[in-house]
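In case you want the letters, here they are:
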Amino acid sequence: MKTELSMVGRRAPKIDAVKLVTGRATFTDDVEMRGLLHAKVLKSPHAHARILSIDTSRASEIPGVHAVITHRDVPRNPYTSAGQSWPEPSPYDMYVLDRKVRFHGDAVAAVAAETPEIAEAALEAIGVEYEELPAVTDFRQSMGAGAPIIHDEPESYGIYDASRNIAAHIDVEAGDVEKGFRLADVIVENEFDVQYQQHTCLEPHVTIAFLDEDRRLVLRTSTQIPYHCRRMVAFALGIPVRNVHVLKPRVGGGFGNKQEVVTEPIAAVLAMKTGRPVKLEYTRADEFTIARNRHPQHITLKTGVRRDGSIVANALSVLTNTGPYGTHALTVTGNTGTKPLPLYRAANMKFYADIVYTNLPIAAAFRGYGAPQGFFAMEVHMDEVAEALGIEPLEFRRMNHIRVGDTDLMSAAAGEGAGKKPRVIHSCGLPECIERGAEAIGWYQKRGRPGDGPIKRGVGMCILMQGSGVAGDELAGAALKMNEDASFNLMVGSADIGTGSDTSLAQIAAEVLGVPLENILIKSGDTDDISFDYGAYASSTAYITGMCVLKASEDARQQIVAAAARMMDEDPEGLLVHDEKVTSLSGKSVTLQEVALECLYGESKTVIIGKGSHATKESPPPFVAMFAEVEVDTETGQVRPVEIVTAVDVGRAINPDICEGQVEGAVAQGLGYALTEEILVDADGRVLNPTFMDYKIFCAADMPTLTTILVEAEEPTGPFGAKSVAEIAINGPAPAISNAIYDAVGVRLHSLPMTPEKVLAALDCRGER
């Protein structure tokens, strides 16, 4: 039975809404700093080369140039740019600047100058002699005999097998898969291919680095991971962590692209060298070519089933292209298997993966974090398994999906959280999601009715699960101070990157403390605060930081109750905090403002400061049932999504508006992944489409009707029953649309994006045209 709440569950406006829409929100570059220098980076013209010599003399002599740096001017400390908890599971295979370049655009040198134009001129004046090396531009050939070794430097470590270009490797089994296949009546096997996708954040990577009056390095930067960033930059530059201060202003989109240390190290070195503020900002072309992307993969799935529809074996193998560096290599691909496989009850599961280096663009974290790749394969594959058995696909999923009380057999076996206890499912609203989603799309009325004429209609579906943080590998700390007017300063280390997390966290605090939302003054993302947080990733903020804020608020409330009990001469056990006052069962009351004034200036003389920290080995999955209706033009191959219905189990919606916004934003990105988005590279590894003219994302005019249904199956381990919502919906459009295309025109698409050319080719193979 749900508890009646006043603030949690309310559709409160985002606390930063007005300043965002009026242009008053301050992003990284929205400051003026006296003496600011502009940084530019010299980029490699080769996919793979060794630097034989660099001559910076002409560049250094240009008026207005204040610093030119190369690999000779920076510490040679290996690090990873992946923003993860220490010790990071990604290989330490990067350097601020290196003697070798490993992809087109890799950093060779950097300049700080009075203007961007002078900095560009200085780059042109730098002379570099390269020894060009053979390159790997097809990840299927990375491990082959005679393939050039991309990381031959002795200092890097954490690489699974550098001699074979294998950054990371996964091989894990639950049960006995081969025995399961021997028990199967039907075995279905399929292969799938997924592409590079770019995050296309509105705000590019940008960092302003400077030294404060105490000569501490300050990084004002667009990041999802302020505390990781502080530690990682300090380690990379060989300076104490205490000498680095990271400030996260408003962030214009992250989506995993900013779960990285990208622009910060070079900006920091230049600021330390010049003693002046330095700004390093990526262009849009830089974002497409030298920032980060979603990992391309080749996926093979094999499933054994009995005639009664039960699954006896599931095996998934993956070959992943991580690009020239192994940032998030192990953990992203870990999610490709460990998120989809447990969704279906099977006693025997196997997950095998190789994550390989190439001389292609860098792949790293992206919303969904490996799960979109895996769920595209799994959910199209499961439609085919159901078809092989003659079972309706929705009913097949109802028969086989994970349930409350089940154990996620893969959760402790691979990827982040490895070695932790298996995850038990405490809450699951998936049955309700399936039922309500099917009703909303008109599943039974529309299925198998493509219509007449060249434009056919079809419906498809998929089911999904994700996580709430990284089990056993998350920590957050928060503090909350009471002021004279019963307002509270709430300090959290999390990074609101446009998700509305500051609002949701403030609602949790307001609920516990019995005050209106405007009484919570939240500050986030400043590493000099007394808070701490791993960052805004892995769908962790509402669940992990939310619990931390809940604990801090409860700590403050207990202190308020104790003070009010003294003021009223009442037993603290019988006091309630609500509506900006404390009341007793006998009818006495004091306002929170009276409590605050008494504590700060009365006899007790105490500052009410609530503190909380939270870590857990739990990571409760949200669930989604997604349904897609599409039109397919059999003459042009064009696929037009008509409607997407997303029924999502969020545990409890702290703020339904924010939950729905997160779901619909994820769906929009998932539509691009499904139908239009792909970074294209030529045979030499150069990006061919580094502009929005040639890289098509979904815009308002392209969007189908979106129907979002929030299902609240309260999670006992989450704040007020909440679990995550931000990532999961991005996993669904690709498989749901692929299955809908099959319902419309009878062809299966196993490769993303599902372009008109691929649809026409599939129709031609079937002889449909």
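As a reminder, the structure under discussion sits directly above these lines.
All values reported here derive from a predicted model rather than from experimental measurement.

Q: Got a sec to walk through the overall build of the protein chain? Specific residues and values, please.
A: A tally of regular secondary structure across the protein chain gives 18 helices and 29 strands. At 27 Å, the protein chain has a C-alpha radius of gyration in line with the 27 Å of a compact globule built from 769 residues. Its C-alpha atoms give the protein chain principal-axis dimensions of roughly 85 × 75 × 50 Å. Each of the 769 residues in the protein chain was classed as buried or not, and the buried ones make up 63%. When contacts within the protein chain are restricted to residue pairs at least 6 apart in sequence, those whose partners lie at least 24 apart make up 80%. Averaging the positions of the 73 positive and the 103 negative side-chain charges in the protein chain gives two centres separated by 1 Å.

Q: So what's going on with the environment of His750? Residues and values would help.
A: Relative to the assigned elements, His750 resides in the loop between helix H17 (733–745) and helix H18 (756–765). Here the alpha-carbon distance between His750 and Pro735, two residues 15 residues apart in the chain, equals 9.3 Å. Beyond its immediate stretch of four places on either side in the chain, His750 contacts Asn190, Glu191, Phe192, Asp193, Phe376, Val380 and Glu384. Only 2.6 Å separates the side chain of His750 from the side chain of Glu384, close enough to count as a polar contact.

Q: Can you lay out unusual backbone geometry for me, pointing to particular residues and giving the numbers?
A: Here Trp86 and Pro87 are connected by a cis peptide whose omega angle stands at -10°. Within the fold, Pro87 resides in the loop between strand S3 (65–69) and strand S4 (100–101). Residue Pro753 is bonded to the preceding Leu752 through a cis peptide linkage, with omega at -10°. Along the polypeptide, Pro753 turns up in the loop between H17 and H18. Despite not being glycine, Ala486 shows a phi value in the positive range, around 65°. Checked against the element boundaries, Ala486 lands in the loop between strand S19 (476–482) and strand S20 (488–492). For Ala486, a relative accessible area of 3% gives the class buried.

Q: Residue-level account of the packing of aromatic side chains, with values.
A: Applying the stated criterion across every chain, the model contains 7 aromatic pairs. In textbook terms, an aromatic cluster arises when at least three aromatic residues are bridged by ring pairs, as seen for Tyr227, Phe532 and Tyr534. Its guanidinium or amino end placed over the ring of Tyr95, Arg76 lies 4.1 Å from that ring's centre, counting from NZ or CZ. It is Lys302 that lies over the ring of Phe181; its NZ or CZ is 4.5 Å from the centre.

Q: An account of the sheet that holds strand S25 (residues 589–591) is needed here, citing residue identities and associated values.
A: Read across the open sheet, the 3 strands follow the order S23-S24-S25; overall the sheet is antiparallel. Strand pairing shows two members of the sheet lacking a second neighbour, strand S23 (576–578) and S25, which therefore form its edges. Averaged over all pairs of adjacent strands, the angle between their axes in this sheet comes to 20°, without regard to strand direction. Here strand S24 (residues 581–583) pairs with S25 via 3 bridges, running antiparallel. By the bridge assignment for S25, Thr583 is matched with Ser589.

Q: Please provide a residue-by-residue account of the sheet that holds strand S29 (residues 705–711), values included.
A: Ordered by their spatial adjacency, 4 strands build an open sheet running S18-S27-S28-S29, and the pairing between neighbours is mixed. Only two strands of the sheet have a single neighbouring strand rather than two, namely strand S18 (455–465) and S29. Taken pair by pair, the neighbouring strands of this sheet meet at an average axis angle of 10°, ignoring direction.

Q: Just give me the short version of the side chain of Thr320, but keep the residues and values in it.
A: Its location among the elements puts Thr320 in strand S14 (residues 311–323). Assessed through its relative accessible area of 0%, Thr320 is described here as buried. Ignoring any residue separated from it by four or fewer positions in sequence, one finds Thr320 in contact with Phe139, His295, Pro296, Gln297, Thr333, Asp354, Ile355 and Val356.

Q: Go over helix H6 (residues 264–274), please, and point to the residues and values.
A: Extensive coverage of H6 is indicated by the burial of 8 of its 11 residues. Turning to H6, its buried residues number three or more, namely Glu264, Pro265, Ile266, Ala267, Ala268, Val269, Leu270 and Ala271. Downstream of H6 by one or two residues, Gly275 has phi in the positive range, about 75°.

Q: Could you give me a rundown of the pattern of salt bridges, with the residues and numbers involved?
A: Within the structure shown, the criterion is met by 45 salt bridges. The partner of Asp408 in a salt bridge is Arg423, and the shortest N-O contact between them spans 2.8 Å. Taken as a pair, Asp408 in strand S16 (residues 407–408) and Arg423 in strand S17 (residues 423–424) lie far apart in primary sequence, 15 residues in all. For the pair Asp408 and Arg423, one class covers both residues: buried. Residue Glu432 is joined to Arg436 by a salt bridge in which the shortest nitrogen-to-oxygen separation is 3.1 Å.

Conventions adopted
Residues numbered from 1 in each chain as written. Predicted model: local features only at pLDDT ≥ 70, side-chain atom pairs only at ≥ 80, totals over all residues. Heavy atoms only, no water. Helix = DSSP H or I, 4+ residues; strand = E, 2+ residues; numbered from the N terminus. Rg over C-alpha atoms; globule rule 2.2 N^0.38 Å. Buried < 20%, exposed > 50% of the residue type's maximum accessible area, 1.4 Å probe, protein only. Contact = heavy atoms within 4.5 Å. Lys, Arg positive; Asp, Glu negative; His and termini not counted. Charge placed at Lys NZ, Arg CZ, Asp CG, Glu CD. Polar contact = N/O pair within 3.5 Å; in protein donor to acceptor, adjacent residues only side chain to side chain. Phe/Tyr/Trp six-rings, centres within 6.5 Å; stacked < 30°, edge-to-face > 60°. Lys NZ or Arg CZ within 6 Å of the ring centre and 35° of its normal. Pairing = 2+ DSSP bridges. Axes fitted to C-alpha atoms, helices over the stretch in contact; angles between N-to-C directions. Salt bridge = Lys/Arg side-chain N within 4 Å of Asp/Glu carboxyl O.

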